[in-house]
Amino acid sequence: MSRPHRSEPSSRGLIGQIIDHRWDYLYVLPALGVMMLVIAYPIYYTFYLSFFRTPPSLAMSEKIFNGFDNYATVLGSDSFQQVTWNTIVWTVWSTFFALILGLGAALVLNREFMGRGLLRGLLLIPFVISAVAASYIWRWIYHSDFGVLGAVLFDLGLIDGKLNLLDNIDMVLPSLIVVNVWKEFPFAMIMILAGLQTVPDQLLNAARVDGAGAFHRFWHVTLPHLKGVLIITVLLLFVQNLNHFIIPWIMTGGGPAGASDIWITQIYQIAFGRIRFGIASAYSVILFLVMVVIGYFYVKALTGDEDRQAH
Amino acid sequence: MDKRRITRWHVFGWIFLVFLLIYAVTPLLWMLITSFKSQFAALQYPPDLYPKNPTTEQYVRLLSPQNDVGRQFLRYLLNSIMVSTVTTILGVAVAVPAAYAFSRFRFPGRKALFFSVLFRNMFPAVVFLMPLFIMMRWMGLVNTYSSLVITYLTFGLPLSIWLLKGFYDNIPVQLEQAARIDGCTRFQAFYLIVMPLSAPGIIATAIYSFITAWNEYVYALTFLNDDQKLTLPVGLQRFFTEYATNWPGLMAASFIMSVPVVAMFLILQKYFVRALTEGAVKA
Amino acid sequence: MAQVEFQEVVKRYGSFEAVKSVSFTVEDGEFVALVGPSGCGKTTTLNLIAGLLDLTGGAIRVGGRQINDLDPKDRDIAMVFQNYALYPNKTVRQNLGFPLRMRKVPKRELEEKVNDAARLLDITHLLDRRPRELSGGQQQRVALGRALVRDPQVFLMDEPLSNLDAKLRVQMRAELKRFHQDLNATVIYVTHDQLEAMTMADKMAVMSGGVLQQYDTPERVFEEPANVFVAGFVGSPAMNLLPARVVENGGAVQAAGEGWELALSPRNAASARRASGDAVILGARHSSLILHEEAAPGCIAAKIYTVEPTGDLTYAHVEVGGKTFVISLDPQRRIRADQPVWIEFDQDRLHLFDAVTEQRLPPG
């Protein structure tokens with residue numbers, strides 16, 4: 001068995017070390033096994049499939065190698081440009097607003113006041129309820145005939161006539177972003193709230209003594225301390241939004257006329273609507289490559305702190 | 001002068017908070033209000049902001065095994081409970097030793113393994129959907145709960161391991177050393193001393209696993225097509241038809257579906273926040 | 001209680017050798033302090049006895065039984081940790097009882113032993129509290145109690161006093177010493193504080209760089225330090241060390257440095273002749289030097305750098321041949337900074353070391 005000893009130099013031969021620690025691997029083996037089965041193999045298989053034409057029967061023995069044809073099909077399709085643009089709009093704005101609202105909420109909740117725990121709990125509810133339920137709730141709120149939002153806006157004199165959001169090519173994506181932000185700003189809030197607890201009071205007091213006002217204290221003391229958490233939060237939100245399937249799928253199914261179609265819904269539609277696994281795989285690989293680039297920064301942001309501590 | 005400026009920020013903060021609260025809570029309230037309306041009352045324009053004749057008929061219908069809808073709904077509920085519970089138990093059983101090993105041991109490849117575990121978070125569910133679907137078909141697992149449990153396990157594992165590792169990092173090694181000198185085997189030291197101390201982390205991890213499994217939609221949608229086997233998120237869709245949707249029924253079903261996870265989360269949010277603080281912030 | 005024997009014990013991490021072939025024997029009932037600066041290998045050595053680390057080479061025997069390959073739980077040792085390592089979720093009573101519970105001691109006997117230990121350490125009133133409700137000193141006692149309920153063969157202590165404040169530390173030091181005398185226990189005690197080691201231990205094992213530098217009684221370690229490291233490490237203020245060249249001048253032997261020379265007494269001249277070359281290091285404790293305000297024969301000219309009164313004694317920091325000496329003075333004496341002074345060496349208490357091997361040159 002290994003020693004629970006920290007930071008021992010490791011210049012002994014790799015094989016020797018592996019043998020020394022052979023029992024340690026037992027602890028991670030179950031986790032590793034599951035991960036291999038459900039992660040490594042699928043990634044490999046997606047790459048593999050992306051070079052084949054697959055039959056609608058999904059009898060994989062009948063697949064035909066067709067080189068980069070699937071990629072050409074994806075990149076050359078009429079909708080690719082629009083879907084890509086939708087994906088960017090969806091991902092960037094969702095991330096931006098979730099972060100801003102989360103940051104604001106965290107800053108307010110970081111003060112001590114009565115009922116703070118209750119308030120935090122209430123604000124967290126959208127985060128924990130199922131995205132499916134959320135989609136139906138908002139679909140009902142947005143309902144063009146009986147939706148409460150339209151009625152309230154009409155009463156306030158902000159619109160005349162019916163409010164039509166989900167069937168409106170220009171409004172559908174922003175409307176979905178509102179739902180998405182509603183669902184995920186609490187995540188940003190709680191991450192940043194956790195980060196705020198690492199800001200040393202001494203520094204804030206020092207800044208106060210130095211004559212810094214509330215804004216300057218935030219800008220010069222709080223924000224630099226939050227940098228790490230903010231980077232991680234943004235990356236997590238970004239990845240999550242890029243992969244977000246449920247809200248557009250249930251609320252609009254990508255419509256009207258593809259105005260709320262994003263990569264992920266498109267891939268699902270190609271794979272399980274049209275049963276074109278080959279093309280969908282090629283699409284997935286493209287998405288995958290984008291993720292790898294983002295993932296590189298993600299891991300770098302995560303390890304950055306650890307490396308700095310090590311020196 | 002400084003004092004007035006702080007006050008201004010305070011006021012601004014409160015206004016912001018009220019706005020946020022309205023944004024976060026009103027949709028939930030509207031779900032509740034609608035669920036207590038009759039189907040007829042819901043389809044009124046302009047809508048009543050509170051139910052004039054509140055009725056629990058939707059809940060009665062959903063929760064009574066006497067009628068078809070109720071039987072179906074209870075079936076889905078049971079399926080969801082089963083899949084989520086099994087996933088949670090297995091998830092904790094797998095994550096605890098792994099997180100402990102990542103925290104305590106220094107074996108070659110430890111760092112790479114750890115990040116490969118985290119890397120899972122990066123990949124879109126859909127990338128895994130097709131190969132897993134083919135794999136599950138090949139293994140004859142389509143339409144089984146096993147297919148879901150196996151997949152959900154890997155959803156939860158990366159963050160679970162990450163969160164738990166943070167907890168173990170904060171438990172001094174000397175406690176285990178003391179226990180081993182006091183007569184424990186390595187396993188007893190872990191089981192008798194470390195486990196109880198990491199209970200908050202384990203609870204948080206379990207909640208997290210449960211909620212993710214409970215709310216999962218894409219895999220359940222793809223892997224299950226037997227009407228009797230659906231989980232709630234997918235089953236909900238069955239109540240929704242394009243023309244004659246029963247909105248109060250849908251809202252009541254959404255509410256019932258949200259109650260367990262929200263209740264669990266609110267009661268245990270302290271642990272969850274602590275887990276996030278200890279795990280996430282320290283990375 | 002038992003004898004503990006180290007035989008060429010080696011501990012390696014990769015290519016880094018933390019403990020380099022250490023051999024010594026702790027006799028039954030002895031209190032031995034493992035002392036040295038941080039990173040010298042003393043805690044590693046302790047963990048090797050405890051079984052928390054595995055030996056790379058050599059053997060450790062307790063009471064004649066080789067324990068290298070035993071699990072910590074089978075070694076019949078008890079350990080007190082620097083941070084006490086009290087189980088936070090257990091009460092004091094449960095903490096004290098835990099080692100007995102793990103050994104399946106019958107309940108009646110367990111309670112009796114816990115109560116005895118609590119009485120001995122005067123913590124009976126704390127038995128139902130949890131560790132976080134205790135002060136540092138109280139936690140310390142509980143940690144000690146958990147070690148002694150079991151009546152083990154050897155007590156291991158890893159800097160047990162270093163987290164206490166200065167006053168409490170002095171008190172606990174006395175209590176620990178008394179406790180050792182009463183129980184006649186074999187104790188191996190790790191500390192970086194040489195004063196703690198001097199005051200408590202029967203023997204000191206001074207370590208540096210993974211090497212055992214000297215293993216002897218505190219008196220001998222103080223009076224006859226084996227090498228330059230031990231000389232500089234043991235004693236406070238540290239021994240004054242001055243590099244010098246040995247010059248034979250028609251029968252008379254002199255030590256000389258830049259701007260000074262000192263005629264060595266026959267005792268020291270004999271030592272100096274044993275050096276491998278002509279380079280030696282002179283060592284003098286602060287109390288073996290006499291400060292003159294006027295020039296005197298056989299003295300070295302120097303200058304006062306600063307003066308530190310401490311009440312009982314006054315320490316003068318003096319610049320000599322590019323080094324700074326610390327010399328203790330009667331507090332009545334009035335000395336000012338920058339004042340020229342002359343230093344007289346008490347040659348009977350002068351230490352000589354070989355400048356190349358850094359080993360002690362024993363007197364003639």
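Residues numbered from 1 in each chain as written. Chains lettered and ligands numbered in written order. Predicted model: local features only at pLDDT ≥ 70, side-chain atom pairs only at ≥ 80, totals over all residues. Heavy atoms only, no water.

1. Focus on the UniProt feature "domain: ABC transporter" (unreviewed entry) in chain C
Short version of the rule: UniProt positions are given in the numbering used here, feature names are shortened, and annotations may be inferred rather than shown by experiment. Strands are runs of DSSP state E lasting at least 2 residues, helices are runs of H or I lasting at least 4, and numbering of each runs from the N terminus.
Following the UniProt record, one finds the feature "domain: ABC transporter" (unreviewed entry) at residues 4-234 of chain C. As annotated, residues 4-234 of chain C comprises 37% helix and 26% strand, and the C-alpha atoms at either end are separated by 24 Å.

2. Side note on the interface of chain B and chain C
Defined as follows: In what follows, residue pairs with any heavy atoms lying within 4.5 Å of each other are defined as contacts. Two parts placed together each lose some accessible area; with a 1.4 Å probe, that loss summed over both constitutes the buried area. A pairing counts as a salt bridge when a side-chain nitrogen of Lys or Arg comes within 4 Å of a carboxyl oxygen of Asp or Glu. N or O atoms closer than or at 3.5 Å make up a polar contact, with two conditions inside protein: a donor-capable atom paired with an acceptor-capable one, and, for residues adjacent in sequence, both atoms drawn from side chains. Classification convention: Asp, Glu, Lys, Arg as charged; Ala, Val, Leu, Ile, Met, Phe, Trp, Tyr, Cys, Pro as nonpolar; all other residues, Gly among them, as polar.
Each side of the interface is counted separately: chain B has 17 residues, and chain C has 23 residues. Summed over both partners, the interface of chain B with chain C buries about 1700 Å², with 66% contributed by carbon and sulfur atoms. By the criterion of area lost to chain C, the three top residues of chain B are B:Arg180, B:Ile181 and B:Asp182, representing 39% of everything that side buries. Applying the counting criterion to the chain B and chain C interface returns two salt bridges. B:Asp182 is the salt-bridge partner of C:Arg150, the closest N and O atoms lying 3.9 Å from each other. The interface formed by chain B and chain C holds seven residue pairs in polar contact (both at pLDDT 80 or more) in total. Secondary-structure elements contributing two or more residues to the side of chain B that touches chain C are α8 (173-181) and α9 (186-197) of chain B. For the side of chain B that touches chain C, the leading source of residues is α8(B), giving seven residues. Its residues placed into classes, the side of chain B that touches chain C shows 10 nonpolar, five polar and two charged.

3. What about the nonpolar core?
Short version of the rule: For our purposes a nonpolar core is just a set of buried Ala, Val, Leu, Ile, Met, Phe, Trp, Tyr and Cys residues, chained together by side-chain atoms within 4.5 Å. For every residue, the accessible area (1.4 Å probe, protein chains only) is compared with the maximum for its type, and the residue is labelled buried under 20%, exposed over 50%, or partly exposed between those bounds.
Counting 158 residues, the largest nonpolar core has A:Phe185, A:Phe245, A:Phe277, B:Tyr217 and B:Tyr219 as its most contacted members. A total of 16 residues in this core trace back to one element, the largest contributor, which is helix α8 (residues 172-196) of chain A. When near neighbours in sequence (up to four residues on either side) are disregarded, B:Tyr217 contacts A:Val132, A:Phe245, A:Ile246, A:Trp249, A:Ile250, B:Pro233, B:Val234 and B:Gln237. In terms of nonpolar packing, the next biggest core, distinct from the first, is built from 70 residues, C:Val22, C:Val26, C:Leu52 and C:Val154 among them.

4. Thoughts on the domain arrangement of chain C
For clarity, the cut-off: Each domain's limits were defined by an automated method or a database of domain assignments.
Taken as a whole, chain C is organised into domain 1 (4-226) and domain 2 (240-354). A separation of 40 Å is found between the C-alpha centroids of domain 1 of chain C and domain 2 of chain C.

5. Considering the packing of aromatic side chains
Using the following cut-off: A pair of aromatic rings is counted whenever rings of Phe, Tyr or Trp (Trp by its six-membered ring) have centres within 6.5 Å, and the orientation is called stacked for planes under 30 degrees apart, edge-to-face for over 60 and tilted otherwise.
Under the definition given, this model contains 47 aromatic pairs over all chains. Note on A:Tyr45 and A:Tyr48: the rings are 5.8 Å apart at their centroids and 35° apart in plane angle, and the pair reads as tilted. Here A:Tyr45 and its partner A:Tyr48 are both found in helix α2 (residues 24-49), three residues apart, which amounts to about one turn of the helix. A:Tyr48 gets classed as partly exposed once you look at its relative accessible area, which sits at 31%. Look at C:Phe24 and C:Tyr215: their rings are 4.8 Å apart centre to centre, the planes differ by 45°, and that puts the pair in the tilted class.

6. A word on the packing of α9(B) against helix α10 (residues 199-215) of chain B
Residues and elements named next belong to chain B. Stated precisely, the cut-off is as follows: Note on method: axes are straight lines fitted to C-alpha atoms, helices fitted across the in-contact stretch only, with angles between N-to-C directions ranging 0 to 180 degrees.
Where α9 meets α10, the axes come as close as 4 Å, and the angle between the chain directions of the two elements is 65°. Contacts between α9 and α10 involve Met195, Pro196 and Leu197 from the first element and Ala199, Pro200 and Ile202 from the second. Split into classes, the residues belonging to the contact of α9 with α10 amount to six nonpolar, no polar and no charged.

7. Topic: the pattern of salt bridges
All names here are of chain C. Applying the stated criterion to the full structure yields 22 salt bridges over all chains. The salt bridge involving lysine 203 is made with glutamate 30; its shortest N-O contact spans 3.0 Å. Of the two residues, lysine 203 is situated in strand β9 (residues 203-208) and glutamate 30 in the loop between β2 (16-26) and β3 (31-35); the sequence distance between them amounts to 173 residues. An identical accessibility class is assigned to lysine 203 and glutamate 30; each is buried. For aspartate 278, the salt bridge goes to arginine 245, with nearest N and O atoms at 3.1 Å. Remark: arginine 245 occurs in strand β11 (residues 240-249) and aspartate 278 occurs in the loop between α9 (266-273) and β14 (279-284); sequence separation between them is 33 residues. By relative accessible area, which is 37% here, aspartate 278 ends up partly exposed.

8. Things to note about the pairing of strand β15 (residues 289-292) of chain C
All names here are of chain C. Put simply, the rule is: Two strands pair if DSSP finds at least two bridges between them.
Where burial is concerned, the two faces of β15 differ: the one with Leu289 and Leu291 is buried and the one with Ile290 and His292 is not. As paired strands, β15 and strand β19 (residues 340-345) are joined by four bridges and run antiparallel to one another. Its bridge partner lying in β19, leucine 291 is registered against isoleucine 343.

9. Here we look at the sheet that holds β2(C)
All names here are of chain C. With antiparallel pairing, four strands are arranged side by side in an open sheet as β2-β1-β4-β5. Each edge of the open sheet carries a strand with a single partner, namely β2 and β5 (65-66). On the sheet, helix α1 (residues 42-50) packs against β1 (4-13), β2 and β4 (57-62) and is oriented at approximately 115° with respect to β1.

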